[in-house]
Amino acid sequence: MKHPGFWKMLTVAVCMALLGCLQAQEHQGHVSIILLGATGDLAKKYLWQGLFQLYLDEAGKGHSFSFHGSALTTTEKGQEFMAKVLESLSCPKDVALPRCAELKDQFQQLSQYRHLKTSEDYLALNKDIEARVQREGLWEAGRIFYFSVPPFAYADIARNINSSCRPGPGAWLRVVLEKPFGHDLLSAQQLATELGSFFQEEEMYRVDHYLGKQAVAQILPFRDQNRKFLDGLWNRHHVERVEIIMKETVDAEGRTSFYEKYGVIRDILQNHLTEILTLVAMELPHNVSSWEAVLLHKLQAFQALRGLQKGSAVLGQYQAYSKQVRRELQKPDSFHSLTPTFAGILAHMDNLRWEGVPFILMSGKALDERVGYVRILFKNRAYCAQSEKHWVTDQSQCLPCQIIFYIGHGELGSPAVLVSRNLFRPSLPSKSWKEVEGQPGLRLFGRPLSDYYVYSPVREQDAYSILISHIFHRRKGSFITTENLLASWVFWTPLLDSLVHEVPRIYPGGAENGHLLDFEFSGNQLSFSQQQLEQLVPGPGSVPKPSDFQVLRAKYRESPLISAWPEELIAKLANDIEATAVQAVRRFGKFHLALSGGSSPIDLFQQLAMGHYGFPWAHTHLWLVDERCVPLWDPESNFQGLQAHLLQHVRVPYYNIHPMPVHLHQRLCAEEDQGAQTYAEEISALVTNSSFDLVLLGMGPDGHTASLFPQSPTGLDGEQLVVLTKSPFRPYDRMSLSLPLINRARKVAVLVMGRMKREITTLVSRVGYEPKKWPISGVLPASGQLVWYMDYEAFLG
Ligand code: BG6
């Protein structure tokens, strides 16, 4: 009779042996790495060195490798180039010289150049790899194709790999892609769809090399390992602001054909800085090493990002840029580029953790220094009664509290994590990060280095080497998935579109920039701190400033017309609304304001939200002029626009907010639900004589106003105060105040902005009372006042 534990032990032994076999088999796997664009700049500067590092790290562990450099140059030239690059490879300091020479020699033997262009070339490569694996008695583990080529070449290469060079069953394929991944949301979607037709998501590794920078890669682990300190601190109650910065001294010379198409926002902010932003802002997953969890939380962070407005950005362009473009792209002397080479952006997250905390993203070429960092500056609520000389550095609560992930370069010259000593002593993985003494006399972010705990990597490694290793080990968390990429473009594209015609501020470059590029923020708006008194060179477009013009007062359809540049117009309207509100509250104790949706009033809402502290919000009732039949939380909902741009910033009592009841009994604008009647009753009950103090209207290019459209008689006359209507545009179903109700108002303001309104403005100026054709022409308050607010583009064209 065997001992009862015998069978258990036997099972364990068999399993161990099997596992051993499997591991041994794994160890024999052959990996082929094909570097496309092997003679390019990136390959020369980083990729070959990264591949060599991979070989140094992995070759001793049982895998076998072959490296194939390919480009479109002839075999002879390619070989010559590769020989030179391979000769210049270096080993880390801890590898002895003779050993290094030996390893380099092995690496050179395993690397060869090959011309890859046609599908036959890819077939031949496939055959060669298979033959070699067979000949050497190996089995194939996988293939890595590194695309270090411009994106226009992606499709052809992808097609060829997919049809002629996929490894056989059981072996993996990984394709590595370099940015740019599109130019805006649409092009990124197209590129993603195209690549998705050749590769599985699992097979694609989109590189953002900033995710390989040691300080950036440390953000999540740092947050994870220091949870006990950070849990209470990493939020809007404690964080004053976050700065995510990447400054460069180089300019775009030699790269203008690329740069002209992209500019600094697409080149740096949309990818590198946004990735960092999500790492700082995301909710920390329980398991930070699960890339799926990290991705999920990243996507949630994108969701919480508030949309950017034109005013969220300041743009600059270094003075020599246009000249470089003219020279490199053979443009005429008259050509001036509008491409920004400098951008500062103010972002906000609309979630409970970060609400109200400014996230500043900034990058530029031709600046005074090369440096990258993320700085989290904490609020300081302490007051120290003793004089400064009695403050002991690591105890004083009066010194600034900050955490900095120092990406590299700058005064420190290397990556680091800095934590103010008056915060806490951080914990970092001791194998890879060590605490260091700062150079005496060095100051960073306003404090001597001795004010911080400073940690730097034990072994400084280049981002590409790290990422290549992560590709090999399938650590997908360091790469950009399709969802992640598209989420970023969703965030950036509207801003990019709105800035197309924006004239950047010209700066001389380098130290001479002085304070020219300093900027400051207030509310959602960012602006340069210094007024630009004179252009250093004639700017790309010397556009007259709004303040060069007076507000124009005239008549339109026999009613007062106020016309100005958009900013002034909005400011004037906001002031007029406030004055009306103050007056109404003084006389009646309350102010009934009915607001329209759409894009024109957004700036007005923001202006009211941010710049009108005397507004009697506590006594204001807010009504909707019209609504789309969608749930109130739908981005298309007018109420949603009001909520996003006004309500969340001001203190209107809940019971004074009157959204239109378009979503009753879980359906939208059903006649039987009598939403329109309910709203009418609410108005009759609360608004004396159903006469609003102020109704804000817009005018559509077809002459519609509120949701009263041409050719649809509903709501133009009769008894009904609120009606259901049909729009010729999506969403078709609407609820609207009727013309008779609008015309009972004490005051009606019609806001008309933008060139697109030019034609209708002219037309409506000539027509009489014809609400069936142009509902706006029926706006004639019976005893109230009508005022038109038009910007110059709408009024003068
Ligand atoms: C690249 C940009 O992504 O990053 C370049 O295209 C920029 O314009 C470069 O110079 C900066 O990278 P690093 O690693 O030098 O900070």
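Residues numbered from 1 in each chain as written. Predicted model: local features only at pLDDT ≥ 70, side-chain atom pairs only at ≥ 80, totals over all residues. Heavy atoms only, no water.

As annotated in an unreviewed UniProt entry, the chain carries the name GDH/6PGL endoplasmic bifunctional protein and comes from Equus asinus. In its Subcellular location (unreviewed entry) section, the UniProt entry covering the chain states "Endoplasmic reticulum lumen". Reading the Subunit (unreviewed entry) entry of the UniProt record for the chain gives the comment "Homodimer." (UniProt positions renumbered as here; feature names shortened; annotations may be inferred.)

Regarding the environment of Pro 285
Mapping Pro 285 onto the fold places it in the loop between α11 (256-281) and α12 (291-304). Separated by 12 residues in sequence, Pro 285 and His 297 have C-alpha atoms that sit 7.0 Å apart. In contact with Pro 285, not counting residues within four places along its chain, are Arg 227, Ala 293, Val 294 and His 297. (Helix = DSSP H or I, 4+ residues; strand = E, 2+ residues; numbered from the N terminus. Contact = heavy atoms within 4.5 Å.)

Some details on the packing of helix α2 (residues 41-58) against helix α4 (residues 97-110)
One way to put it is that α2 packs onto α4 with a least axis distance of 11 Å and a crossing angle of 110 degrees. Between α2 and α4, the interaxial angle falls into the category roughly perpendicular. Considering how the two elements wind past one another, α2 and α4 form a crossing that is right-handed. Residues Trp 48, Leu 51, Phe 52, Tyr 55 and Leu 56 of α2 form the contact with α4, whose own contacting residues are Leu 103, Lys 104, Gln 106, Phe 107 and Leu 110. (Axes fitted to C-alpha atoms, helices over the stretch in contact; angles between N-to-C directions. Parallel < 35°, antiparallel > 145°, perpendicular 65-115°, else oblique. Left-handed = near helix turned anticlockwise from the far one by under 90°.)

Looking at the sheet that holds strand β1 (residues 29-36)
Either a parallel or an antiparallel arrangement is found when strands of a sheet pair, and the pairing is made through backbone hydrogen bonds. Pairing is parallel in the open sheet, where six strands are placed in the order β3-β2-β1-β4-β5-β6. With one partner strand each, in any of the chains shown, β3 (111-115) and β6 (204-207) form the two edges of the open sheet. The average undirected angle you get between the axes of adjacent strands in this sheet is 20 degrees. Relative to β6, strand β5 (residues 172-178) is paired through four bridges, and the arrangement is parallel. Looking across to β6, one finds that Leu 177 is bridged to Arg 206. Against the sheet, helix α3 (residues 75-87) contacts β2 (64-71) and β3, and its axis sits at roughly 150 degrees relative to β3. (Pairing = 2+ DSSP bridges.)

Some points on the state of the cysteines
Under the criterion given, the structure shown has three disulfides. The side chain of Cys 91 participates in a disulfide bridge whose partner is Cys 100; the two sulfur atoms lie 2.0 Å from each other. Classification of the bridge connecting Cys 91 and Cys 100 rests on its S-S torsion, roughly 90 degrees, and on that basis the disulfide is right-handed. Taken as a pair, Cys 91 and Cys 100 share a single burial class, namely buried. Disulfide partner of Cys 384: Cys 398, at an S-S distance of 2.0 Å. Note on the Cys 384 and Cys 398 pair: the S-S dihedral is about 110 degrees, so by sign convention the disulfide is right-handed. Placement of the pair is Cys 384 in the loop between β11 (371-378) and β12 (402-409) and Cys 398 in the loop between β11 and β12, with a sequence separation of 14 residues. The cystine pairing of the chain, numbering bonded cysteines in sequence order, is 1-2, 3-4, 5-6. As a non-bridged cysteine, Cys 401 has Cys 398 as the owner of its nearest cysteine sulfur, 9.3 Å distant. (Disulfide = S-S within 2.5 Å. Buried < 20%, exposed > 50% of the residue type's maximum accessible area, 1.4 Å probe, protein only.)

Overview of the pattern of salt bridges
Counted by the stated rule, this structure contains 31 salt bridges. Salt bridges sharing partners connect three or more residues here, namely Arg 241, Glu 243 and Arg 375. (Salt bridge = Lys/Arg side-chain N within 4 Å of Asp/Glu carboxyl O.)

A look at unusual backbone geometry
Residue Pro 180 is reached from Lys 179 by a cis peptide bond, and omega for that bond is 5 degrees. Turning to its location among the elements, Pro 180 is positioned in the loop between β5 and α7 (185-196). Phi is positive for Arg 474, which is not a glycine, with a value near 55 degrees. Its location among the elements puts Arg 474 in the loop between α14 (463-472) and α15 (482-498). On the basis of relative accessible area, Arg 474 is assigned to the partly exposed category, the value being 41%.

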